[in-house]
Amino acid sequence: MGQLYEKMASDLKLRRYSIRTQKGYLYCAKCFAKHFMRSPAEMGMKEIREFLLKRQNDGASASTIKTYVAGLRFLYAVTLERPAEVQNIPWPRVAQQLPAVIDRDHVQALLTKIEPLKYRMVVMTAYGTGLRISEILALEARDIDGKAGLIHVRHGKGDRPRLVPLPQRLLEALREYWRLERPRGALLFPGQAPDKKLCPDTVRRAVHCTAAELGIHQRVTMHAFRHSFATHLLENGEDLRTIQVVLGHRSIRNTTRYLQVSTQHLASVKSPLDTLAAHKPKHTHAAGMRVTPRKARRNKAQRRR
């Protein structure tokens, strides 16, 4: 793609898209160009539809197709300044999946077993605060306010900052981690170089290996700790609005998903069927003995005699 690739990369950076989104959109554009062996500037809606149908027929998931649509929409609407080519390209319907929640006992076992210490602290921060792994790895020492009991998330999703509560147990663990590790740069969890972030994949691999060693058959991901944090907060009696703010959700609809996976919440719901026995049935006339107003007046007159 040459110069077009560079222009698209610049457009993504100028709009402050996340690094992950930048790489994903650029990859989609490269795949599109490689499929036809032509520059996207020489193609349009016909080729876009053909490419997406080919990917779908090859078995690509709806979420993957959605990423291709997003990347190609950006390419044509922003970089090539030809929005008409993509305005009628539909978004695929993606089935909503329930959040994966880790059992509390499994969380405790994982937090005890994961090594080395730095990885364990990343996982403890994920479960203790509900932060995304990208937000955790961007934390600096100055973001931890032990006196106020808060963590300052400066670069949340969409580059939106927010404050989240800092649990006392996590604060004590972070102080011990700082005493032992003494990170040399500003980052709280640096990688091999003090100014480079820790690679998230290394943490994920440590989590997967530890889960396998413990015999946890459930697929344990870093994002599952965030889901578990929210679900366990709900089960502890926290309201949805507070959970929404802590998680950094724009819409309350994203937060209400945890109502569907909280077993304690669902088990506490009382069906109206269970309340029927508490109500005595009102007196009703026997079947086939419908009393008309005229018949009721005649019966009343007979009783007076």
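About the criteria used
- Residues numbered from 1 in each chain as written.
- Predicted model: local features only at pLDDT ≥ 70, side-chain atom pairs only at ≥ 80, totals over all residues.
- Heavy atoms only, no water.
- Buried < 20%, exposed > 50% of the residue type's maximum accessible area, 1.4 Å probe, protein only.
- Helix = DSSP H or I, 4+ residues; strand = E, 2+ residues; numbered from the N terminus.
- Arc of directions from axis to C-beta.
- Contact = heavy atoms within 4.5 Å.
- Pairing = 2+ DSSP bridges.
- Expected span 1.5 Å × (residues − 1).

**Structural notes on helix H11 (residues 240-247)**
All of the buried residues along H11 are Ile243, Gln244, Val246 and Leu247. Buried residues along H11 cover an arc of 165° about the axis, so they all sit on one side. Where H11 is buried, its residues contact helix H6 (117-129), strand E3 (162-165), helix H10 (222-235) and helix H12 (252-255). With its phi angle positive at about 80°, Gly248 sits one or two positions after the end of H11.

**Brief notes about the sheet that holds E3**
Ordered by their spatial adjacency, three strands build an open sheet running E1-E2-E3, and the pairing between neighbours is antiparallel. Unpaired on one side and paired on the other, strand E1 (144-145) and E3 mark the two borders of the sheet.

**A short note on helix H3 (residues 45-57)**
Its 13 residues place the ends of H3 18 Å apart at the C-alpha level, agreeing with the 18 Å of an ideal helix rising 1.5 Å per residue. Of the positions making up H3, those classed as buried are Glu47, Ile48, Phe51, Leu52 and Arg55. The arc that holds every buried residue of H3, seen down its axis, measures 130°, which confines them to one face. Pointing more than 90 degrees away from the buried face of H3 are the exposed residues Lys46 and Asn57. Against the buried residues of H3 lie helix H2 (19-36) and helix H4 (62-79). Note on H3: the residue one or two positions beyond its end, Gly59, has a positive phi of about 100°.

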